[in-house]
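One letter stands for each residue in the lines below.
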Amino acid sequence: MTRIVLIEGDITEQAVDAIVNAANSALVLGAGVAGAIDRRGGPSIGEECAAHGPIGVGEAAVTGAGELAARCVIHAAGMPPGGQATEESVRSSLRASLRLAEAQGCRTIAVPAIGAGIGGLSLQRCAEISLEEARRHAEERDGSGGEAQLEEIRFVLFGEPAYRVFEMVNDAAKVEAQMRRLRER
């Protein structure tokens, strides 16, 4: 069964199979999460991004993790360079990232608030979309009769305010699911 976990912390310090970069479609490592990955992971990640070339908004690509504790970095293209993220681009790039993680044989993945911050999407809406997609992915894999490949989807939120927003959205979804079960009795 896939676990969905929320923690406050620095995504570049996560010892997981894959970390997700909140990327632009040109795969240029600039500011925010991408800048932190570039600084901590070393130049090889940016070099691999440049060799891979641009991808479509809403898609994802994988590179090595350089000097990071993770095995690989999955670049979720939630926006064009210099542009803004949309609800659909965040949803699509996270979905692509989770599928790509499984294709890479990952058991654990760390995900930031894709599309929030530089991307311009509100943190609350980012949390709603991200947690909904993670739950959908987990339910599809867990309900397929086979063993879920991703054992943990870990949302790593930078700073307590971001963590609290994700926590509130996650708690609200749990209460809603519990109320739905009670009504079905």
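**With respect to the side chain of Asn21**
Now for step 1: Here Asn21 shows up in strand β2 (residues 18-24).
Now for step 2: At 3.0 Å, the side chain of Asn21 forms a polar contact with the side chain of His75.

**Considering the sheet that holds strand β3 (residues 60-64)**
Now for step 1: Spatially, β1-β6-β5-β2-β4-β3 is the arrangement adopted by the six strands of the open sheet, whose pairing is mixed. Each edge of the open sheet is held by one strand with a lone partner, namely β1 (3-8) and β3. Averaged over all neighbouring strand pairs, the angle between strand axes comes to 30°, with direction disregarded.
Now for step 2: As paired elements, β1 and strand β6 (residues 152-157) share six bridges and run parallel to each other. Across the sheet, the residue bridging to Ile7 is Val156, located in β6.
Now for step 3: Against the sheet, helix α1 (residues 32-41) contacts β2 and β4 (72-79), and its axis sits at roughly 125° relative to β2.
Now for step 4: Against the sheet, helix α3 (residues 87-103) touches β2, β3, β4, β5 (108-111) and β6, its axis set at about 160° to β4.

**Section: the confidence of the model for the protein chain**
Detailed reading of the predicted coordinates is not advisable wherever pLDDT falls low.
Now for step 1: For the protein chain, the average pLDDT comes to 92, and 96% of its residues sit at 70 or higher.
Now for step 2: Here helix α5 (residues 160-184) stands out as the least confident element of the protein chain, with mean pLDDT 90; β5 is the most confident, with 98.

Parameters and conventions
Residues numbered from 1 in each chain as written. Predicted model: local features only at pLDDT ≥ 70, side-chain atom pairs only at ≥ 80, totals over all residues. Heavy atoms only, no water. Helix = DSSP H or I, 4+ residues; strand = E, 2+ residues; numbered from the N terminus. Polar contact = N/O pair within 3.5 Å; in protein donor to acceptor, adjacent residues only side chain to side chain. Pairing = 2+ DSSP bridges. Axes fitted to C-alpha atoms, helices over the stretch in contact; angles between N-to-C directions. Contact = heavy atoms within 4.5 Å. pLDDT = per-residue confidence, 0-100.

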